[in-house]
Amino acid sequence: MSEPKKILAVLAHPDDESFGMGGTLALYAKQGVEVHLVCATKGEAGEMDPEFLQDYGSIAERREAELRCAADVLGMKNVYFLGYRDSGMEGTEANRHPQAFVNAPMDEVVSKVVHYIRQIRPDVVITFDPVGGYHHPDHIYIHQAAVKAFHAAADPAQYPDDLAPFQAGKLLYHIFPRGFIRVGVRILKLLGKDPTKFGRNNDIDLEMLAGDADYPAHYRINYSNVAELKEKASNCHASQQNFGTQSPWLMRVAQRFTAVKDQFMQAYPEVKDNFRARDLFVGS
């Protein structure tokens, strides 16, 4: 009997897996692919209404429980935490915390991700794009660590331990089109709202995001058959679903642009920008 195909997502916080690429993860899990998640933090810096902390000792405890709920819904095989603290956004107190993820030595983080790549032996590794989707410091840091680990895991001279070196087949970045953000920025300005202070904590600069270049969408994965699983997994993260008063209409615009499709760029092995596929395992 052949080994099942495997996907390893390397992300930063509880809810990244569901609010982002959850449809794709659920789709492949339902097809029998082993889906694993490495999560750098437990989301300690996330805001949370007091009602969500009932029966929980901390924000981290609540958010871990939400992630495990979502992982079960999405059909994940395993969730692994790296044990770092949520760094929050740049300039915040959380970002300066000595245990904040972004303050951890990069070499240490890479070694931990290398361990899981060698242990799981995935066909596909997925992480954030180079700007972390919306410039969250933790997203950018785990992206950098995942890229380094992807290549280092195959090199027996790097991070030697009791596990054999392993070269994963593909490294993909989860991306999203900037078009709906550019539309949103224009609408916010017409409404007299400040697009540089968006979200629950007014700490997301949509104008900066609108200026980011679009990454090539090498893969477009239609997850319409499991869309209800993505929604159910997202609902597990109840404490994080209040994105702020400006958000509901923008989320509807985003859904119109993205429909029930996730998009990914292939970073390794390199492909031509005009490469297009509808299955992450094409060529594997």
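Above this text you will find the structure in question.
Cut-offs applied
- Residues numbered from 1 in each chain as written.
- Predicted model: local features only at pLDDT ≥ 70, side-chain atom pairs only at ≥ 80, totals over all residues.
- Heavy atoms only, no water.
- Disulfide = S-S within 2.5 Å.
- Helix = DSSP H or I, 4+ residues; strand = E, 2+ residues; numbered from the N terminus.
- Buried < 20%, exposed > 50% of the residue type's maximum accessible area, 1.4 Å probe, protein only.
- Patch = residues over 30% accessible without salt bridge, like charges linked within 9 Å, V, L, I, M, F, W, Y side chains within 5 Å.
- Areas by Shrake-Rupley, 256 points an atom, 1.4 Å probe, with all protein chains shown as cover.
- Salt bridge = Lys/Arg side-chain N within 4 Å of Asp/Glu carboxyl O.
- Lys, Arg positive; Asp, Glu negative; His and termini not counted.
- Charge placed at Lys NZ, Arg CZ, Asp CG, Glu CD.
- Pairing = 2+ DSSP bridges.
- Axes fitted to C-alpha atoms, helices over the stretch in contact; angles between N-to-C directions.
- Contact = heavy atoms within 4.5 Å.
- Core = buried A, V, L, I, M, F, W, Y, C linked by side-chain atoms within 4.5 Å.
- Parallel < 35°, antiparallel > 145°, perpendicular 65-115°, else oblique.
- Nonpolar A, V, L, I, M, F, W, Y, C, P; charged D, E, K, R; others polar.
- Phe/Tyr/Trp six-rings, centres within 6.5 Å; stacked < 30°, edge-to-face > 60°.
- Lys NZ or Arg CZ within 6 Å of the ring centre and 35° of its normal.

**Concerning the state of the cysteines**
So, point 1. Scanning all chains against the criterion turns up one disulfide.
So, point 2. Linked covalently through their sulfurs, C69 and C236 form a disulfide whose S-S length is 2.1 Å. Between C69 and C236 the disulfide shows an S-S torsion of about -55°. By sign, it is left-handed. Note that C69 is positioned in helix 3 (residues 59-74) and C236 in helix 9 (residues 227-236), a separation of 167 residues in sequence.
So, point 3. The class for C69 is partly exposed, based on a relative accessible area of 33%.

**Concerning a positive patch on the surface**
So, point 1. Positive charge collects at one region of the surface, where R220, K261, R276 and R278 lie side by side.
So, point 2. Tracing the chain through its elements places K261 in strand 7 (residues 261-268).
So, point 3. Of the residues examined, K261 reaches a relative accessible area of 40% and is grouped as partly exposed.

**So, the pairing of strand 1 (residues 6-11)**
So, point 1. Counting buried positions along strand 1 gives six out of six residues, so the element sits mostly inside the fold.
So, point 2. Burial along strand 1 is two-sided: K6, L8 and V10 facing one way and I7, A9 and L11 facing the other are all buried.
So, point 3. Bridge count between strand 1 and strand 2 (residues 34-41): six bridges; the pairing is parallel. Note on strand 2: the bridge partner recorded for A9 is L37.
So, point 4. Pairing between strand 1 and strand 4 (residues 124-128): three bridges, direction parallel. Within strand 4, the position partnered with A9 by the bridge is I126.

**Here's the deal with the sheet that holds strand 7**
So, point 1. Strand order in the open sheet formed by seven strands is 3-2-1-4-5-7-6, and the pairing between neighbours is mixed. In this open sheet, the two edge strands, each paired with only one partner strand, are strand 3 (78-84) and strand 6 (219-222). This sheet shows a mean twist of 25° between the axes of neighbouring strands, independent of strand direction.
So, point 2. Against the sheet, helix 4 (residues 106-120) touches strand 1, strand 2 and strand 3, its axis set at about 165° to strand 3.

**Looking at the nonpolar core**
So, point 1. In this structure, I7, L82, V109, I142 and L280 are the most contacted members of the largest nonpolar core, which totals 70 residues.
So, point 2. Take this core: its biggest share by element is eight residues, from helix 4.
So, point 3. For I7, the contacting residues outside a window of four places in its chain are L25, Y28, V33, E34, V35, H36, P122, V124, I126, L280 and F281.
So, point 4. V185, L188, L206 and L209 belong to the second largest nonpolar core, which has nine residues in total.

**Remarks on the packing of helix 3 against helix 9**
So, point 1. The interhelical angle for the contact between helix 3 and helix 9, taken along N-to-C directions, is 170°, at an axis separation of 8 Å. Viewed along their axes, helix 3 and helix 9 adopt a mutual orientation that is roughly antiparallel. Touching E66, C69, A70, V73 and L74 of helix 3 are L229, K230, K232, A233 and C236, all from helix 9.
So, point 2. Considering only residue class, the contact of helix 3 with helix 9 consists of seven nonpolar, no polar and three charged.

**As for the packing of aromatic side chains**
So, point 1. For the structure shown, the criterion picks out six aromatic pairs.
So, point 2. Taking 5.4 Å as the distance between ring centres and 70° as the angle between the ring planes, the aromatic pair formed by Y28 and F281 counts as edge-to-face. Taken together, the residues Y28 in helix 2 (residues 22-30) and F281 in the segment after strand 7 connect sequence positions 253 residues apart.
So, point 3. Using a relative accessible area of 5% as the deciding quantity, one classes F281 as buried.
So, point 4. With a centroid separation of 5.3 Å and an interplanar angle of 65°, the aromatic rings of F150 and Y268 are classed as edge-to-face. Of this pair, F150 sits in helix 6 (residues 137-152) while Y268 is found in strand 7, placing the two residues 118 residues apart along the sequence.
So, point 5. Feature note: the residues Y84, F101 and Y141 constitute an aromatic cluster, connected by ring pairs.
So, point 6. Just above the ring of F81 sits the side chain of K42; from NZ or CZ to the centre is 5.2 Å.

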